[in-house]
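So the chains spell out like this:
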Amino acid sequence: MYFDSHVADLLRASTELVNLMTCRDAGGRPAEVPTGAQLRRDLGVALARGGQPVHVSRDAELILRRFADDARPIFEAVADEDYDEAARRTNALLTWCRPAPRLDNAGDGWHMHFHGPTDELGDGWAAGCAAALTMAIGSRHAGRLGVCEAPRCDRVYVDSSKNGTRRFCGVTCQNRVKNAQHRARNE
Ligand SMILES: [Zn+2]
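Since this is a predicted model, take the numbers as computed values, not measurements.

What counts, and where the lines are drawn
- Residues numbered from 1 in each chain as written.
- Predicted model: local features only at pLDDT ≥ 70, side-chain atom pairs only at ≥ 80, totals over all residues.
- Heavy atoms only, no water.
- Donors = N, O, S within 2.8 Å, 3.2 Å for Na, K, Ca; no water.
- Tetrahedral: all angles 85-135°; square planar, octahedral: opposite > 155°, others 65-115°.
- Helix = DSSP H or I, 4+ residues; strand = E, 2+ residues; numbered from the N terminus.
- Pairing = 2+ DSSP bridges.
- Core = buried A, V, L, I, M, F, W, Y, C linked by side-chain atoms within 4.5 Å.
- Buried < 20%, exposed > 50% of the residue type's maximum accessible area, 1.4 Å probe, protein only.
- Contact = heavy atoms within 4.5 Å.
- Salt bridge = Lys/Arg side-chain N within 4 Å of Asp/Glu carboxyl O.
- Expected span 1.5 Å × (residues − 1).
- Patch = residues over 30% accessible without salt bridge, like charges linked within 9 Å, V, L, I, M, F, W, Y side chains within 5 Å.
- Areas by Shrake-Rupley, 256 points an atom, 1.4 Å probe, with all protein chains shown as cover.

A. Layout of the coordination of the zinc ion. The protein atoms donating to the zinc ion are Cys148 (SG), Cys153 (SG), Cys169 (SG) and Cys173 (SG), with metal-donor distances spanning 2.3 to 2.4 Å. For the zinc ion, the four donor atoms in the first shell make angles of 103 to 114° at the metal, a pattern classed as tetrahedral. Taken in sequence order, the residues that donate to the zinc ion follow the motif C-x4-C-x15-C-x3-C. With Cys153 in the loop between β5 (145–147) and β6 (156–158) and Cys173 in helix α6 (residues 171–185), this pair connects stretches of sequence that are 20 residues apart.

Okay, here's the thing in structure tokens:
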């Protein structure tokens, strides 16, 4: 694991928020972006902990959407290897997410968590995810953020593979590209 498990968890949540709300295309077809009550249910599942979906309010939905809109260009800048732009965008994200580190003890010792300006769900997740992106961009593993390279897919990912050579959002896109190359060779 390249990032502390709490940070890795927040990076995973960041990618889920970006992929749920900001894709134009996903896996080779136009992305279906949920809205309203369906979006809030999907967000509750994306942020579920211990298998239990969380309740997401309209206010939380707005904050999480703002986070996703601001986080996508960070993944895109890293994919373009423009780390100055990624850093500038991350700093802009921090100005409103305002993560504050705090030590919490859930009975298994003290762990650092990031809290938001309030203890509301949206503020908390936006702050935590912004802090995780900050630590990723500010580390030598910054390049592990990425955007799927398959045609007609702009899903984002965090590469946690050993050698750091991931290029696609998942096996579906990897196989799409592989099959297309195979067909091209046999034509
Ligand atoms: Zn993809």
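Here the narrative resumes.
B. Summary view of the pairing of strand β3 (residues 100–105). Inspection of the sheet shows β3 paired to strand β4 (residues 110–115) by six bridges, in the antiparallel sense. Looking across to β4, one finds that Asp104 is bridged to His111.

C. Structural view of the nonpolar core. Core analysis: the largest hydrophobic core is formed by 39 residues, its most contacted members being Leu17, Phe67, Leu133 and Leu145. Those residues in contact with Phe67 that lie beyond four places of it in its chain are Ser14, Leu17, Leu93, Trp96, Cys97, Ala126, Cys129, Ala130 and Leu133. Residues Ala150, Phe168, Cys169 and Cys173 belong to the second largest nonpolar core, which totals seven residues.

D. Fine view of the pattern of salt bridges. Counting across every chain of the model gives 11 salt bridges. Its salt-bridge partner being Arg152, residue Asp25 comes within 3.9 Å of it at the nearest N-O pair. Taken together, the residues span a long stretch of sequence, with Asp25 in strand β1 (residues 25–26) and Arg152 in the loop between β5 and β6 at a distance of 127 residues. Here Asp25 falls in the partly exposed class, since its relative accessible area comes to 22%. A salt bridge links Arg89 to Glu85; the shortest N-O distance between them is 2.9 Å. Here Glu85 and Arg89 lie together in helix α4 (residues 83–97), a separation of four residues that amounts to about one turn. Here Arg89 falls in the partly exposed class, since its relative accessible area comes to 32%. Residue classification places Glu85 among the partly exposed positions, given a relative accessible area of 23%. Each of Arg24, Arg72, Glu76 and Asp154 takes part in salt bridges that share partners, so that together they form one network.

E. Spatial organisation of helix α3 (residues 58–79). Along its 22 residues, α3 runs 32 Å from first to last C-alpha, staying within 8% of the 32 Å computed at 1.5 Å per residue. Here α3 has its buried residues at Ala60, Glu61, Leu64, Phe67, Ala68, Ala71, Arg72, Pro73, Ile74, Phe75, Ala77 and Val78. The elements touched by buried residues of α3 are α1 (5–21), α2 (36–46), α4, α5 (121–137), β5 and β6. Following α3 by one or two positions, Glu81 adopts a phi angle in the positive range, close to 60°.

F. Quick peek at a nonpolar patch on the surface. A surface patch of nonpolar side chains, about 440 Å² in accessible area, is lined by Leu103, Trp110, Met112 and Met135. Along the chain, the position of Met135 falls in helix α5.

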